Structure formats: C-alpha cells, structure tokens
Amino acid sequence: MLTDLSLVEARDGLRRRDFSAVELTEAHLDAVAALNPRINAFITVSADMARTQAAAADAALAAGEDRPLLGLPLAIKDLFCTEGVRTTAGSRILEPFVPPYESTVTANLLRDGAVFLGKANLDEFAMGSSNMTSAFGPVRNPWTRRGDNRPLVPGGSSGGSCAAVAARMALGATATDTGGSIRQPASFCGIAGVKPTYGRCSRWGIVAFASSLDQAGPVARTVEDCAVLLGSMAGFDPKDSTSADRAVPDFAAACRRGVRGLRIGVPREYRSDSMPPEIEAMWQQGLAWLRDEGAEIVDVSLPHTKYGLATYYIVAPAEASSNLARYDGVRFGRRVEGEDLTDMYERTRAEGFGAEVRRRVMIGTYVLSAGYYDAYYLRAQKVRALILRDFTDAYAQVDALLTPTAPSAAFAQGDKMDDPVAMYLNDVFTVPASMAGVPGLSVPAGLDGQGLPLGLQVLGRPFDEETVFAVGAVLERAAGFRHLPAIWAGAPA
Ligand code: GLN
C-alpha cells in the first residue's frame, strides 16, 4: 500500500515514476477519510489544496525537477499559520482565524514541493501532554493495549501530528516542542520525532506559546525521514530574531555515520525508583545497542535536573500569559460582545480559552506580578542558566546523552485530568533539554508488556543535530521496530 511507504521510499518511488504524486496523495486522503473519524488527528482537511499541489508536483516531476519533498503528502500541526487555510491552535478563540500569510517553516516545505493534507489537532495553544485540551476534541492514539480497547492518548501537544503519521494518514508532519511536545507524543505513538536546537527553525508564523522555548521540528516513521524533513524546515530567517544564521547540514547523510568512537552519556539524575522496570530495561537495552556498535558509555551528572519541571512550569506559563494577551477580541479570531470594552475583553477570553489555558495565564500572570517576579520568574531564569550549564559540562565529556523519552507509555484518555501536576510530571525527561535549548530526538525502541510503544531520547550538543541523527539511526536499526498500531494490525477499534 502506498501509505505504508516511508517518506524516503515514497520520494524514491515518485522519482522512478512507480506511481504519481496524485496517486500518492489520493491514497493518503483515502486513509484520512477512513480513519480520521476515529482518530480525530486532523482539525481541517485541505483535500482540494492537496490535490492541486499534487498535480503541480506531477507536472514538476515530468519537467525533470528534483526538489527534496516534491509530491510528498504531510500533515501540518495547526499551530503553523497557513495562508488561506484556517489555523486554530486547537482553541475556540482562533476558530475563525484564516491567516493572510504562511509561516516560514511551512513556506520552506512548500518551496521544496510538499503537499499539505491538512491541519493536525493539538492541545490548545500546545499546552498539554495528552491532546485532551483541544477545543476540537481529543485525538485517539492509533495504538491500544493488547486485549483492551479503551482509547489512549497520543501524547501532546503534537498528538494529532503523531497520530496521523502513526496511522499512516500522512508520510510525515510538522510539530512543535516547547517542553516535549514532539518527543513525548512520538514516543507514545511509536514514531520518530526531532526537536532541533532552539533557533534552528524559524518561529515566524507559528502561534506563540513560550517564545524562549518554542521550536519546530518534524515527526515521521523513520529517523531518516525526520532528517529529510528537517533539512527543508530549518534555516536562517531574518523575520525571527532568535533564528540562527547557520548553514543547514545534510542531516540525512548524518544518519549513516554510525556511532563508533562516540561517547554517550547516561545522566544519573534521570534514574528514579519510580521508573517502571520496563522503561529502565529499554534504556539499558539502548545503551547495549550503542556499545555493540562501538560507542563508549559514560556516566554523567546533570545535577539541576530535579528543578527542570518546577522552573519550566514557571517560565512557560509566564511567557504564555504575555503571548496570549494579544487575543483580546479586537485583533484576532473570536470576539464576544459585552457591555463595554473591558466586559468584551473578559467575555471573549473567558469563552475563548479552555481551562488549561486559563490556568496557565493565571499562573503566568502571578509569577510575573510585581510582588512575586523576583521570587518566581527571576529565580526560575537563574536556575535555567544552571540547567544549561549542566548540559555544557556534560558535553565536555560526551558527544550525546541517552535517556528514556517519557516515564510511561501512552495512558488512557481521561487519566491525569483532575491532577495537573500528574500530567506535568510526564514531561520530566523532555523539559530539561527544552530549558537548555539543546536538540533531542525520540526513536521507537520497543513495546512494553501491554503492547505499547516506548521511545528512547537522544540529546545532543547545540547545533549538533547530526550526531543526534547518527545515534538515533543506530538505535532504530538495532531496535528494528516494525510493529503496527492496533488500527492497522487488525484489532477491533
Ligand atoms: N507538556 C508540556 C506543556 O504542557 C510541553 C508542551 C509543549 O512542548 N508544547 O507545557
């Protein structure tokens, strides 16, 4: 089936004329029509646009053009502004918003010939780890526990992107990661996902959550597919002042480097007694695979890890409260009329934002307020500098780090909903790298006892995604992860 191909296989098939871009796109649109009613991975399906783009790709292929993503159908997280296509950020407040411009990342993908199937569901404003906070309904993970049909979360916030790719509705997808939103859902859905170094991809045209943390990246079913996608997404953009003016390396070539002679660090603070034994075992297995391929395993310490979550959940809400001030019923999206201007602001924001977003705006406003700024926000920023120093010190000894991606496999829809701290704890392994701005990748490494995917996380030096890809590709080859989610493996759904 055309939807079973990896992105690289599909690209090569198109180049050989084994099939056309229109055929490839129709196969994916059929999969979307068949599966999306159950999975809810897409908020908006842009079928007509996809068909037009696919036909244009076929014409370009016939004319001998060779662009990196020509004719390849992707899902776009609904946090990237797409010109003329509604962009909701998973929020009621942006439900009617049709951007008049294209984000830099999606413009780069279009430049390289990609086909956009539609906009992928997400936690509202990318705040969450479960996709349960979307105003457009939860996403269902295409995987289920063995012998148990209860719907599971795909992780979040890029749960729609990851579920779409895992269920073979798209060859790859864009995602964003502020504290783990690429890596954690990739792990829950049994696919690969890469959060590049902060600054590698432009944030221009991405709906802002926490600007000092937000970073775009790809998710796909293989590490090399992610490498190809990132090669198109990345690059300097003068429209984003934090975008890095650095050449984009050949990430796909880095996937073939191997790990011989590399030093891989094992951060001792990531080990905890509460870690499920299966996840600990998978971690040890990952280290053994790397050792077998010639890497040296080294124990390292990231002593401020224990402050990662606490400081992230100050910095991220603080920036969110400031970023979300723009949704006032005047400039963007929904407006609810009131008796006067203040009443209109209040009604618009009360009706437009969901509970989790309101919680974060309140926390953020509190930690930034005059009496508490020094005690919370400023202190968190200082600890953030220490977290970065931990990584800098570790990278003086090792080339990359290996950890589990998340402390659990996918959990049931509805779990952790009445306890925000339990939900936030799921980000424990992903948040420190976000605070430090370093690149990270999640690669599917195996299944747990209930038949659910578990991911391993590779972290690298700033702007050394190549080593991250090299390590990820070795783990992927060793793991040989070929399992299919329940929705394809014939299990009733
Ligand atoms: N789960 C984290 C949060 O809720 C991270 C979200 C993200 O990376 N966008 O903030």
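Refer to the structure above for everything that follows.
Model, not experiment: these values are computed from the prediction.

Caption draft 1: Region of interest: the overall build of the protein. Helix and strand content of the protein: 17 helices and 11 strands. A compact globule built from 493 residues would reach a C-alpha radius of gyration of about 23 Å, and the protein, at 21 Å, matches this within 12%. Among the 493 residues that make up the protein, the fraction classed as buried is 61%. Taking all contacts inside the protein whose residues are at least 6 apart in sequence as the whole, residues at least 24 apart take part in 77%. Between the mean site of the 49 positive side-chain charges and the mean site of the 57 negative ones, the protein shows a separation of 2 Å.

Caption draft 2: Main features of the nonpolar core. Ranked by size, the top nonpolar core spans 159 residues in total, and within it Phe125, Met169, Phe391 and Phe469 carry the most contacts. With eight residues, the top contributor of residues to this core is helix α10 (residues 308-323). Every residue in contact with methionine 169, bar those within four places of it in the chain, is listed here: His28, Ala31, Val32, Leu35, Asn36, Ile39, Ala41, Phe42, Leu117, Ala163 and Ala164.

Caption draft 3: Layout of the site of the ligand. Around the ligand there are 15 residues in total, and Thr178, Gly179, Ser181, Tyr312 and Arg360 lie nearest to it. Interatomic distance of 2.9 Å between a backbone N/O atom of glycine 128 and an oxygen atom of the ligand. Take serine 181: an N or O atom from its side chain is 2.7 Å from a nitrogen atom of the ligand. In isolation the ligand exposes 290 Å². Once the protein is present, 100% of that is buried. A class-by-class count of the residues in the shell around the ligand yields five nonpolar, seven polar and three charged.

Caption draft 4: Focus on the pattern of salt bridges. A complete count under the given rule lists 24 salt bridges for this structure. Two residues, aspartate 4 and arginine 168, come together in a salt bridge whose shortest N-O distance is 3.1 Å. One end of the pair, aspartate 4, is in the segment before α1 (7-15); the other, arginine 168, is in the loop between α5 (159-166) and β4 (172-177), and 164 residues separate them in sequence. One salt bridge in this structure joins glutamate 65 and arginine 67, with 2.8 Å as the shortest N-O distance. Judged by its relative accessible area of 38%, glutamate 65 is partly exposed. Taking relative accessible area as the criterion, arginine 67 reaches 27% and is therefore assigned partly exposed. In this structure, a network of salt bridges that share partners links the residues Glu26, Asp48 and Arg51.

Caption draft 5: A look at the sheet that holds β4. Pairing within the open sheet is mixed, and its 11 strands lie in the order β1-β3-β2-β4-β6-β5-β10-β11-β9-β7-β8. The outermost strands of the open sheet, each flanked by one partner alone, are β1 (42-45) and β8 (296-300). Each strand axis lies, on average, 30 degrees off the axis of its neighbour in the sheet, ignoring direction. Bridging between strand β2 (residues 73-77) and strand β3 (residues 115-120) involves five bridges; their strand directions are parallel. Following the sheet pairing, leucine 74 is matched in β3 by phenylalanine 116.

Caption draft 6: Representation of the packing of aromatic side chains in the model. Under the defined criterion, the tally for this structure stands at 17 aromatic pairs. For the ring pair tyrosine 101 and tryptophan 204, a centre distance of 5.1 Å and an interplane angle of 40 degrees mean the geometry is tilted. Placement of tyrosine 101 in the loop between β2 and α4 (104-111) and of tryptophan 204 in the loop between β5 (192-195) and β6 (215-220) is noted, with a sequence separation of 103 residues between them. Cluster of aromatic residues (ring-pair linked, three or more members): Phe97, Phe125, Tyr327, Phe332 and Phe353. Lysine 239 extends its terminal NZ or CZ atom over the ring of tryptophan 204, reaching a point 4.1 Å from the ring centre. Here the basic side chain of lysine 416 rests over the ring of phenylalanine 411, its NZ or CZ set 4.8 Å away from the ring centre.

Caption draft 7: Representation of a nonpolar patch on the surface in the model. Nonpolar side chains collect at one region of the surface, where Val330, Leu341 and Tyr345 lie side by side and expose about 270 Å² of accessible area between them. Its place among the elements puts valine 330 in the loop between α10 and α11 (341-352). By relative accessible area, which is 49% here, valine 330 ends up partly exposed.

Caption draft 8: Structural context of the pairing of β3. Where burial is concerned, most of β3 is hidden: six out of the six residues are buried. Bridge count between β1 and β3: three bridges; the pairing is antiparallel. Residue pairing across strands places valine 45 opposite glycine 118, the latter belonging to β3. For the crossover from β2 across α4 to β3, the handedness is right-handed.

Caption draft 9: Representation of helix α3 (residues 47-62) in the model. With 16 residues, α3 ought to run about 22 Å at 1.5 Å a step, and its terminal C-alpha atoms sit 22 Å apart, in line with that. Restricting attention to buried positions, one finds in α3 the residues Ala47, Ala50, Gln53, Ala54, Ala57, Ala60 and Leu61. All buried residues of α3 project into a common sector of 140 degrees when viewed along the axis, lining one side. Counted as exposed and oriented over 90 degrees from the buried face of α3: Asp48, Thr52 and Ala62. Residues of α3 that are buried in the fold lie against α1, α2 (21-39), β1, α4 and β3. Note on α3: the residue one or two positions beyond its end, glycine 64, has a positive phi of about 85 degrees.

Caption draft 10: Quick peek at α5. Summarising burial for α5: eight of the eight residues are buried, a large majority. Buried residues of α5: Gly159, Gly160, Ser161, Cys162, Ala163, Ala164, Val165 and Ala166, and no others. Within two residues after α5, arginine 168 carries a phi angle of roughly 65 degrees, on the positive side.

Criteria and thresholds
- Residues numbered from 1 in each chain as written.
- Predicted model: local features only at pLDDT ≥ 70, side-chain atom pairs only at ≥ 80, totals over all residues.
- Heavy atoms only, no water.
- Helix = DSSP H or I, 4+ residues; strand = E, 2+ residues; numbered from the N terminus.
- Rg over C-alpha atoms; globule rule 2.2 N^0.38 Å.
- Buried < 20%, exposed > 50% of the residue type's maximum accessible area, 1.4 Å probe, protein only.
- Contact = heavy atoms within 4.5 Å.
- Lys, Arg positive; Asp, Glu negative; His and termini not counted.
- Charge placed at Lys NZ, Arg CZ, Asp CG, Glu CD.
- Core = buried A, V, L, I, M, F, W, Y, C linked by side-chain atoms within 4.5 Å.
- Near = heavy atom within 4 Å.
- Polar contact = N/O pair within 3.5 Å; in protein donor to acceptor, adjacent residues only side chain to side chain.
- Areas by Shrake-Rupley, 256 points an atom, 1.4 Å probe, with all protein chains shown as cover.
- Nonpolar A, V, L, I, M, F, W, Y, C, P; charged D, E, K, R; others polar.
- Salt bridge = Lys/Arg side-chain N within 4 Å of Asp/Glu carboxyl O.
- Pairing = 2+ DSSP bridges.
- Axes fitted to C-alpha atoms, helices over the stretch in contact; angles between N-to-C directions.
- Phe/Tyr/Trp six-rings, centres within 6.5 Å; stacked < 30°, edge-to-face > 60°.
- Lys NZ or Arg CZ within 6 Å of the ring centre and 35° of its normal.
- Patch = residues over 30% accessible without salt bridge, like charges linked within 9 Å, V, L, I, M, F, W, Y side chains within 5 Å.
- Right-handed = clockwise from strand over helix to strand, strands pointing away.
- Expected span 1.5 Å × (residues − 1).
- Arc of directions from axis to C-beta.

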